[in-house]
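Structural description and commentary
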Amino acid sequence: MLVAPGASQKGEAPGRTKRARRFFEGWTFVGPATLIVVGLSIFPAVWAFILSLQEWDGFSDATFVGGDNYARLASDPEFLDSVMHTLFYTVLFVPSSVLAGLFLAVALNRRIRFIGIYRTAIFVPFVASAAATGILATYLFSPQFGVVNNVLRVIGLPQQQWLEDPAQAMVVIAIMSLWGQAAFTTVIYLAALQDIPNELVEAARIDGANRWQTFWRVVWPQLAPVTVFVTIWQMIEAIKLFDLVFTTTKGGPLDATKTIVYFVWESAFKGLEFGYGSASAYVLFALTLLITLAVVVYSRRSKTEAF
Amino acid sequence: MVATQEAVGVTPQTSTAAAPRKRRRRRISGWHFVLAPIALVFVIPFVQMIMAALSPAKELVQFPPPFIPSTVTFENFAKLFATTNILQWLMNSIIVSGVAILAHIVLCSLAGYGFARLKFHGRNMGFLLIVSTIMLPTQLLMIPTYILFSKLGLINTLGAAIVPWLATAFGIFLMRQFFLSIPVELEEAGMLDGCTRWGIFFRIVLPLAKPALATLSIFTLLGSWNDLIWPLIAINDPGSFTMQLGIANFQGARQTEWGLLMSGNVIAVLPLVVFFLFAQKQFIQTMTFSGLKG
């Protein structure tokens, strides 16, 4: 591949210049983008790790403290709470978004009238920013003037405090997340459903399976790799929850919605503890890696090849 | 992967079914009773948002709230324009997303092509490095990036919001996948006709890449337009606020002035909603692709 067969007798020199030319040509194509991506990811990732071993307020000299920041995190109740809040949100959001996506995809995967309208209605919240979604949530779920409480009033149920109640705030955030993100899992499942060969479903029907059996015995196993994938994806997204919290509760009430990223942001950019903030960000990263790994291993064990 | 995208993309158009389904069309499918209420639930928040934006302020601090506003008024929008720099924020976001999309189109297609087609020393290593960065969450990188940008003097400028969106690992990956899927023969023909690499890239390959560039642009638009946490960290100067940062900041000052908050929301969300309605197929392709990259 390096030198054309005919040219090989001419010796090494032309090959070398050709290689050099290819080298320069190649890197002119890929260089700028590579520089930006690597410069803004690998380099900061290494830097963040170094920071996490230091104590630094951004102004005075940094002091090396080794693993102290990590030790402090392990015994910081505020941080441990933020981990619990994040996991609570993950448990609320991930299964519901995967199931909602599966259900909506099955429902939308048919040719009936108005299907285009239904599809558009369900997908359009996806483009709304988390910031706007959060602000909208404060209005819809306002305890005094909100539409949701009005609906409860009309159907004769007691009104709730929603985002102002520590026990309900995270649930409201998960509901709004679902509203915005259901489109994503739906689209992925829809693509997977349309990839399933029709003969497979028809064969099952001929063998006497009803719709329910056909779905769970034939279609669902075919979707398994996609299920593993969207579960991992949504988990990683859920662990990084921030924007919605910022525009709904700012971590409150009583810190009930303070997530890991919120903790990272607060300790670094409010408390100016860049070292401590970086250490907590590394815990976040480790958590995403761990969860991804766990799901992959679990799916390998149960013989679902997704990767 | 391409086949999947096609399948999703095509179906919205083909809802008028062929002959075998004729009989079905007469009776109403039971799925309407499932889908119509769900669709309604998804749309109601938007409807509420728009109605609040158009309501007189005092009707929004009543309970129970009126079902529809008594009069349609633009006073909220007028007050919003008078008391905030919302047009500036909008302009800033348009600049950020515009530059991001242009830079993505140029840099990511160049890099994607280089990684897909050219053979040079360090190619595989470079690509592996880029793909490995997809796992790194922005939240891990934001503290050092903030320090780096403040040393470069980018903090509090629009540049801080733009630079991380000049090129992304996902964009490079997407374009590489696309270029791998087009036949080499086309380029070889160009080579025989005496085209240079650059000629081949600009005259033959890039014109073929329009669908991939649409996906790339939508991905970049969604990410750069909707980002909150990074502008929140990097920009404190109200003159350089992006739209999302602007409304988030404004919310802090105007807790329950729903009319104002919702009219701000409408302006922040509307551009992408309109885009979505016109290019739904491309948006869905983008979502499918970003899902299938793993």
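The residue numbers shown here count from 1 along each chain, following its written sequence. Just so you know, chain letters begin at A and ligand numbers begin at 1, following the order they were written in. For this predicted model, a pLDDT threshold of at least 70 governs which residues receive local features, and a threshold of 80 or more governs which side-chain atom pairs are given and counted, while totals over whole chains, interfaces and linings are taken from all residues. With hydrogens and water excluded, all non-hydrogen atoms of the structure serve as input to the side-chain values.

Attention shifts here to the overall build of chain A. Secondary structure counts use DSSP, requiring at least four H or I residues in a row for a helix and at least two E residues in a row for a strand, with both numbered from the N terminus. Across its full length, chain A holds 13 helices and two strands. Since a compact globule built from 307 residues should have a radius of gyration of about 19 Å, the 26 Å found for chain A marks it as more spread out than a globular shape. C-alpha atoms of chain A, sized along the principal axes, occupy 90 × 70 × 35 Å. A separation of at least 24 residues holds for 64% of the contacts in chain A among residues at least 6 apart in sequence. With an accessible surface of roughly 14500 Å², chain A has 65% of that area assigned to carbon and sulfur atoms. Taking the average place of the 22 positive charges on the side chains of chain A and the average place of its 21 negative ones, the gap between the two points comes to 16 Å. Two things to know: the radius of gyration comes from C-alpha atoms, and the globule rule equals 2.2 Å times the number of residues to the power 0.38. By definition in these notes, contact holds between two residues if any of their heavy atoms fall within 4.5 Å. With residues, only the protein chains shown are counted as cover, and all accessible areas are computed by Shrake-Rupley using a 1.4 Å probe. Note that His is not counted, nor are the chain ends; the positive residues are Lys and Arg, and the negative ones are Asp and Glu. By convention, charge coordinates are those of NZ in Lys, CZ in Arg, CG in Asp, or CD in Glu.

Every helix has an expected span of 1.5 Å times one less than the residues it contains. The terminal C-alpha atoms of helix 5 (residues 86-117) of chain B lie 45 Å apart, and with 32 residues this matches the ideal 46 Å at 1.5 Å per residue to within 8%. To obtain the bend at a residue, axes are fitted to the seven residues ending there and to the seven starting there, and the angle between these axes is taken. The largest bend in helix 5 of chain B amounts to roughly 25° and is located at His104 of chain B.

Next up on the list: the interface of chain A and chain B. In this complex, chain A contributes 97 residues to the contact, which on the side of chain B involves 98 residues. Take the accessible area each of two parts loses on contact, using a 1.4 Å probe, and add the two losses: that sum is the buried area. When chain A packs against chain B, close to 8900 Å² is buried across both sides, 79% of that on carbon and sulfur atoms. When the buried surface of chain A facing chain B is broken down by residue, Phe29, Tyr139 and Phe145 of chain A rank first, second and third, together holding 9% of it. Here a salt bridge means any side-chain nitrogen of Lys or Arg lying within 4 Å of a carboxyl oxygen belonging to Asp or Glu. Inspection of the region where chain A meets chain B yields zero salt bridges. Per-element accounting of the side of chain A that touches chain B gives the leading share, 14 residues, to helix 1 (residues 12-39) of chain A.

Let us look at unusual backbone geometry. In this structure, Asp255 of chain A takes a positive phi of about 65° despite not being glycine. With respect to the helices and strands, the residue Asp255 of chain A is situated in the loop between helix 11 (243-248) and helix 12 (260-270). Of note in this structure, Asn156 of chain B is not a glycine but carries a positive phi near 70°. When you line up the elements, Asn156 of chain B lands in the loop between helix 7 (138-151) and helix 8 (158-162). The exposure class of Asn156 of chain B is partly exposed, given its relative accessible area of 29%. For the exposure calls, accessible area comes from a 1.4 Å probe over protein chains only, and a residue counts as buried if that area is under 20% of its type's maximum, exposed if over 50%, partly exposed in between.

The next point concerns the confidence of the model for chain A. Residues and elements named next belong to chain A. Scored from 0 to 100, pLDDT reflects the predictor's confidence in each residue. The pLDDT averaged across chain A works out to 88; a share of 94% of its residues lies at or above 70. The least confident element of chain A is helix 1, whose mean pLDDT is 86; the most confident is helix 4 (residues 77-108), at 95. Confidence drops under a pLDDT of 50 for residues 1-12, and excluding neighbours within four residues, the segment shows seven contacts in the predicted structure.

Turning to the pattern of salt bridges, a few remarks are in order. As enumerated under the stated definition, the model contains eight salt bridges over all chains in all. Taking the shortest distance from any N to any O, the salt bridge between Asp255 of chain A and Lys258 of chain A comes out at 3.8 Å. The exposure class assigned to Lys258 of chain A is buried, which follows from its relative accessible area of 5%. The partner of Glu187 of chain B in a salt bridge is Arg117 of chain B, and the shortest N-O contact between them spans 2.9 Å. You can see Glu187 of chain B sitting in helix 10 (residues 184-192) and its partner Arg117 of chain B sitting in helix 5, a full 70 residues away along the chain. Take Glu187 of chain B: its relative accessible area is 4%, and that puts it in the buried class. Residue Arg117 of chain B is classed as buried on the basis of its relative accessible area, which comes to 11%. Taken together, the shared-partner salt bridges connect Glu78, Asp255, Lys258 and Glu266 of chain A into one network.

Stacked, tilted and edge-to-face are the three classes applied to pairs of Phe, Tyr and Trp rings, where Trp contributes its six-membered ring and a pair requires centres within 6.5 Å; stacked means planes under 30 degrees apart, edge-to-face means over 60, and tilted covers the rest. For the coordinates displayed, the defined rule picks out 44 aromatic pairs over all chains. Summarising the aromatic geometry, the rings of Trp27 of chain A and Phe120 of chain B are spaced 5.6 Å apart at their centres and angled 70° between planes, so their arrangement reads as edge-to-face. Highlighted residues: Trp27 of chain A in helix 1 and Phe120 of chain B in the loop between helix 5 and helix 6 (123-132), drawn from two different chains. A relative accessible area of 26% means that Trp27 of chain A is categorised as partly exposed. Pairwise contacts between aromatic rings join Phe29 of chain A together with Tyr113, Phe178, Phe179, Trp198, Phe201 and Phe202 of chain B into one cluster. Only lysine NZ and arginine CZ atoms are considered, and such an atom sits over a ring when it is within 6 Å of the ring centre and within 35 degrees of the ring normal. A cation sits over an aromatic face here: Arg72 of chain A above Tyr276 of chain A, 3.6 Å from the ring centre. Between the NZ or CZ atom of Arg176 of chain B and the centre of the ring of Phe127 of chain B, over which it lies, the distance is 4.0 Å.

Time to look at the nonpolar core. Think of a nonpolar core as a cluster: buried Ala, Val, Leu, Ile, Met, Phe, Trp, Tyr and Cys residues, connected wherever their side-chain atoms sit within 4.5 Å. Core analysis: the largest hydrophobic core is formed by 193 residues, its most contacted members being Phe123 and Phe269 of chain A together with Leu140, Ile143, Met175, Phe179 and Met262 of chain B. Considering each element in turn, this core owes the most residues, 15 residues, to helix 8 (residues 169-195) of chain A. With residues up to four places along the chain from it excluded, the contact list for Met262 of chain B reads Ile135, Leu136 and Tyr139 of chain A together with Met49, Ala52 and Ala53 of chain B.

All right, on to the confidence of the model for chain B then. Segments scoring low in pLDDT should not have their predicted coordinates read at a detailed level. The share of residues in chain B with pLDDT of 70 or more is 90%, and the mean pLDDT across the chain is 85. Considering only residues more than four positions removed or in separate chains, one finds that residues 1-19 of chain B, a stretch of pLDDT under 50, has 23 contacts.

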